[in-house]
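Structure assessment
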Amino acid sequence: MSIISTQTVAHIADLANIPITSSEEETLAAGFTTTMGVVDQLSTINTTGVEPTHQVTGLENILRDDVVDTDRMFSQKQAIANAKRTHVGYIVVDQLIGQ
């Protein structure tokens, strides 16, 4: 069984920049040790012939093909027709960085 020390917990907390107290270190170390014990138990189960499960709900993403509807497209000239400022076929806007 894997035993997680309070030093390991303190190191992880330091890496994550999470302040924890000594009592929290002990509580977390005990909790992590318990969790690792369960994971160790799971690794002893014989899974020969069991297919990996990626999801269990049966739901699927509903996607549509990305089809260009040319009847609804603007030409470049139409797209920039009402722009206040343009340059070589592009719309010119003020820089917004830092606002």
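Here, every reference points to the structure presented above.
An account of the accompanying structure is given in this report.

Another aspect to go through is the overall build of the protein chain. The number of helices and strands found in the protein chain is 3 helices and 2 strands. Listing each helix as α and each strand as β along the protein chain from the N terminus yields α-α-α-β-β. Taken over the C-alpha trace, the protein chain has a radius of gyration of 29 Å; the compact-globule value for 99 residues is 13 Å, which it surpasses by more than 25%. The dimensions of the protein chain, computed from C-alpha atoms along their principal axes, are 70 × 45 × 20 Å. Relative to its 99 residues, the protein chain shows a buried fraction of 7%. Considering only contacts within the protein chain whose residues lie at least 6 apart along the sequence, 34% involve residues at least 24 apart. Of the roughly 9600 Å² that the protein chain leaves accessible, carbon and sulfur atoms contribute 56%. Positive and negative charge centroids in the protein chain, built from 5 and 12 side chains respectively, lie 32 Å apart.

Before going further, it helps to examine helix 2 (residues 22–42). Over its 21 residues, helix 2 runs 30 Å from end to end, which matches the ideal 30 Å to within 8%, given 1.5 Å per residue. Within the span of helix 2, buried status applies to Glu25, Ala29, Thr33 and Gly37. Projection of helix 2 onto a plane perpendicular to its axis shows the buried side chains occupying an angular sector of 110°, all on one side. Opposite the packed face of helix 2, turned more than 90 degrees from it, sit the exposed residues Thr27, Thr34 and Leu42.

About the criteria used
- Residue indices begin from 1 for each chain and proceed along its sequence in written order.
- With pLDDT at 70 or above as the cut-off, local features in this predicted model cover only qualifying residues; side-chain atom pairs require 80 or more to be listed or tallied, and sums for whole chains, interfaces and linings still use all residues.
- Side-chain measures were taken over the full set of non-hydrogen atoms in the model, leaving aside hydrogen atoms and water.
- Per the convention used, a helix needs a DSSP run of H or I reaching at least four residues, while a strand needs a run of E reaching at least two, with both numbered from the N terminus.
- The globule rule used for comparison is 2.2 Å times the number of residues to the exponent 0.38, while the radius of gyration itself is calculated over C-alpha atoms.
- Here the term buried applies to any residue with accessible area under 20% of the maximum for its type, exposed to any over 50%, and partly exposed to those in between, with areas from a 1.4 Å probe on protein chains only.
- Any two residues having at least one pair of non-hydrogen atoms within 4.5 Å are treated as being in contact.
- Where accessible areas are quoted, they stem from the Shrake-Rupley method and a 1.4 Å probe; at the residue level, only the protein chains shown are allowed to cover.
- This count recognises Lys and Arg as positive and Asp and Glu as negative, with His and chain-terminal groups excluded.
- Each charge is placed at NZ for Lys, CZ for Arg, CG for Asp and CD for Glu.
- How far a helix is expected to stretch is found by multiplying one less than its residue total by 1.5 Å.
- The directions considered for the arc run from the helix axis to the C-beta atoms.

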